[in-house]
Amino acid sequence: VGELYSITKLRKSLVDLTECVGNEGYAFANVTPIFRRNIENDTVVVVFDIEKGKEVYVERVSISGHTKTKDYVVRRELRQNEGARYNAENVRRSKERLARLNYIKNARFSNNQGSTDDQVEMNIDLEEGKSGTFSAGITYSQLNDLALTGRVEEQNLFGEGYRANISGDIGGATTNYSVSLVDPYFLSEDVSASVSAFHAQTDLQSLVSYDQDSSGGSVGLSFALNEYARY
């Protein structure tokens, strides 16, 4: 009220109002701004006309476009459930959770009329991105002479959403390698489990009386405190 006219604020108001109505189950709500100008004092009154339509429930969620990622890996990120009343905030959160997956490049949501006028079919069209990286190199130093380095990282192992990492350095005096694996939904629960192992070996007997040989590993669990924080 009494603010300077702004297209950006108007668009945000439209989005917020559409989501607010959508949270009540109105998936096809239409919010239209109506402008009433007062020439005498150079002001404009904006009236938002809201057509809710019919309250609907999500009859089915159809997912397409994924060739590697398993269907259930995508569905576990969704906050809008089949059979539940349509909720715009849950749909928005589902988009955000899919967007944070490194192996999902894009996710387009659309709604179609379901089998009855109070049902809606939600369609999710996915575009998968690259899920793995590989790097290798050769280094030289007076201590190690020629040394080989390599790293392989995969964010969607077997299409199951597992994160795996293997790295190694092999030189004249040193040999180091490490492996790690993370399951973001251990035992199909919202619990992240990780396991890692490493081996490091250094032999400098040709220069000084020193050598080292060590191995180790770790396991860890991470629990979801709420929708946005983990412990």
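Preceding this section is the structure that the text describes.
Residues numbered from 1 in each chain as written. Predicted model: local features only at pLDDT ≥ 70, side-chain atom pairs only at ≥ 80, totals over all residues. Heavy atoms only, no water.

**Here we look at the sheet that holds strand E11 (residues 211-223)**
Defined as follows: Any two strands with at least two DSSP bridges between them are considered paired. Strands here mean DSSP runs of E at least two residues long; helices mean DSSP runs of H or I at least four residues long; both are numbered from the N terminus. Interaxial angles span 0 to 180 degrees and are taken between N-to-C directions of axes, which are lines fitted to C-alpha atoms, for helices over the stretch in contact.
Read from one edge to the other, the open sheet built from six strands follows the order E6-E7-E8-E9-E10-E11, with strand pairing classed as antiparallel. Across the chains shown, the open sheet's two edge strands, defined by having one partner strand only, are strand E6 (132-141) and E11. For this sheet the average axis-to-axis angle between neighbouring strands, irrespective of direction, equals 5°. Sheet analysis places strand E9 (residues 174-183) next to strand E10 (residues 191-203), joined by ten bridges and oriented antiparallel. Following the sheet pairing, aspartate 183 is matched in E10 by alanine 193.

**Section: the layout of surface pockets**
Keep this limit in mind: Here a cavity means grid points, on a 1 Å grid over the protein atoms only, where a 1.4 Å probe fits yet cannot get out; a pocket means an open set of points with protein on both sides within 12 Å along at least five of seven lines; lining residues are those with an atom within 4 Å of a point. Grid points are joined across faces, edges and corners, and a volume is the space filled by probe spheres set on the points. Residues are grouped as follows: nonpolar covers Ala, Val, Leu, Ile, Met, Phe, Trp, Tyr, Cys and Pro; charged covers Asp, Glu, Lys and Arg; every other residue, Gly included, is treated as polar.
As a volume, the second largest pocket reaches approximately 420 Å³. Forming the walls of the second largest pocket are 23 residues, and the residues nearest its centre are Glu77, Arg100, Leu101, Arg163 and Pro184. Residue classes in the lining of the second largest pocket are distributed as eight nonpolar, five polar and ten charged.

**Re the pairing of strand E4 (residues 104-113)**
Two faces belong to every sheet, and in a regular strand the side chains alternate between them. Across nine bridges, E4 lies against strand E5 (residues 119-128) in antiparallel orientation. The residue of E5 that forms the bridge with glutamine 113 is valine 120. Here E4 folds back onto E5 in antiparallel fashion, the turn holding five residues.

**Concerning the pattern of salt bridges**
Keep this limit in mind: Salt bridges are identified by distance alone: a Lys or Arg side-chain nitrogen within 4 Å of an Asp or Glu carboxyl oxygen. Only protein chains enter the accessibility calculation, which uses a 1.4 Å probe; a residue is then buried when its area is under 20% of its type maximum, exposed when over 50%, and partly exposed in between.
Scanning the entire structure with this criterion turns up 21 salt bridges. Here glutamate 121 makes a salt bridge to arginine 60, at a shortest N to O gap of 3.2 Å. Here glutamate 121, found in strand E5, pairs with arginine 60, found in strand E3 (residues 57-64); they are 61 residues apart in sequence, far enough to count as distant. The exposure class assigned to glutamate 121 is buried, which follows from its relative accessible area of 19%. You can call arginine 60 partly exposed: its relative accessible area is 45%.

**Focus on the sheet that holds E5**
Neighbouring strands of a sheet are bound in pairs by backbone hydrogen bonds; such pairs are parallel or else antiparallel. Put simply, the test is: The criterion used for residue contact is that any of the two residues' heavy atoms lie within 4.5 Å.
An order of E3-E5-E4 is seen for the three strands of this open sheet, with the pairing classed as mixed. Each edge of the open sheet carries a strand with a single partner, namely E3 and E4. Sheet twist, expressed as the average angle between the axes of neighbouring strands with direction ignored, equals 20°. Across the sheet, helix H3 (residues 88-99) is in contact with E4 and E5; its angle to E4 comes to roughly 155°.

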